[in-house]
Amino acid sequence: MIFCVDIGNTLIKMARVEGRRVYDLMNRTSDDSAERVARLLRRVARDGFDAAAISSVRPQATAGMRALIRRELGVEAVVVSSRLDLPIEIATRRPGRVGVDRAPGRVRDALL
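The structure contained in this document is the topic of the report that follows.

Conventions and cut-offs
- Residues numbered from 1 in each chain as written.
- Predicted model: local features only at pLDDT ≥ 70, side-chain atom pairs only at ≥ 80, totals over all residues.
- Heavy atoms only, no water.
- Helix = DSSP H or I, 4+ residues; strand = E, 2+ residues; numbered from the N terminus.
- Expected span 1.5 Å × (residues − 1).
- Contact = heavy atoms within 4.5 Å.
- Axes fitted to C-alpha atoms, helices over the stretch in contact; angles between N-to-C directions.
- Parallel < 35°, antiparallel > 145°, perpendicular 65-115°, else oblique.
- Left-handed = near helix turned anticlockwise from the far one by under 90°.
- Nonpolar A, V, L, I, M, F, W, Y, C, P; charged D, E, K, R; others polar.
- Buried < 20%, exposed > 50% of the residue type's maximum accessible area, 1.4 Å probe, protein only.
- Lys, Arg positive; Asp, Glu negative; His and termini not counted.
- Salt bridge = Lys/Arg side-chain N within 4 Å of Asp/Glu carboxyl O.
- Phe/Tyr/Trp six-rings, centres within 6.5 Å; stacked < 30°, edge-to-face > 60°.
- Pairing = 2+ DSSP bridges.

Moving on, we get to helix H2 (residues 59-73). Under the 1.5 Å per step criterion, the end-to-end length of H2 is 21 Å for 15 residues, consistent within 8% with the ideal 21 Å. Along its buried surface, H2 packs onto strand E1 (2-7), strand E2 (11-18), helix H1 (34-45), strand E4 (51-56) and strand E5 (78-79). Just downstream of H2 lies Gly74, where phi reads positive at about 75°.

And the structure:
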């Protein structure tokens, strides 16, 4: 089971994912306080997980979320980006400029 966080422009979505099943999906607005996000994070993760992953279109929020996961859950989250060595090819000249939200659904499958 992977604890997943998706940081978008308007929402932060969190869920536990196993295979193709999504459990405990919850949302907060991206401008919510760190404490409210921390409470939600603990609530979603309460039933356990094996690893954590973050995808984000807001790089400035990624470091804060990694620190929050480390502090609240005691694990180091993997950040999904063009630098992550995944068994898929992103067919563009500049993969670093393609938002993680545009990567194919196979990225999720590769993480699992």
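Right, let's talk about unusual backbone geometry for a bit. A positive phi angle, near 60°, is found at Asp24, a position not held by glycine. Considering the arrangement of structural elements, one finds Asp24 in strand E3 (residues 21-29).

The description of two helices packed together rests on the angle between their axes and the distance between the axes. For the pair H1 and H2, interaxial distance at closest approach is 10 Å and the crossing angle is 55°. One finds that H1 runs oblique with respect to H2. Of the two elements, H1 crosses H2, and the hand of that crossing is right-handed. Residues Ala34, Val37, Ala38, Leu41, Arg42 and Ala45 of H1 form the contact with H2, whose own contacting residues are Met65, Leu68, Ile69, Arg71, Glu72 and Leu73. By residue class, the composition of the contact of H1 with H2 is 9 nonpolar, no polar and 3 charged.

Quick look at the side chain of Arg58 now. The residue Arg58 is located in the loop between E4 and H2 in this model. Buried charge without a salt bridge: Arg58, with Asp31 as the nearest opposite-charge side chain at an N-O distance of 7.8 Å.

A full pass over the atoms with the stated rule returns 1 aromatic pair. Aromatic side chains Phe3 and Phe49 sit 5.6 Å apart centroid to centroid with 40° between the ring planes, which places their arrangement in the tilted category. With Phe3 in strand E1 and Phe49 in the loop between H1 and E4, the pair connects residues that are 46 residues apart, well separated along the chain. You can call Phe3 buried: its relative accessible area is 0%. Overall, Phe49 belongs to the partly exposed group, its relative accessible area being 21%.

Below, the discussion takes up the sheet that holds E3. Strand order in this open sheet of 5 strands is E3-E2-E1-E4-E5, and the pairing throughout is mixed. Both edges of this open sheet fall to E3 and E5, since each of them pairs with a single strand only. Here E2 runs beside E3; their pairing, made up of 7 bridges, is antiparallel. Bridging from a neighbouring strand, Val17 pairs with Val22 of E3.

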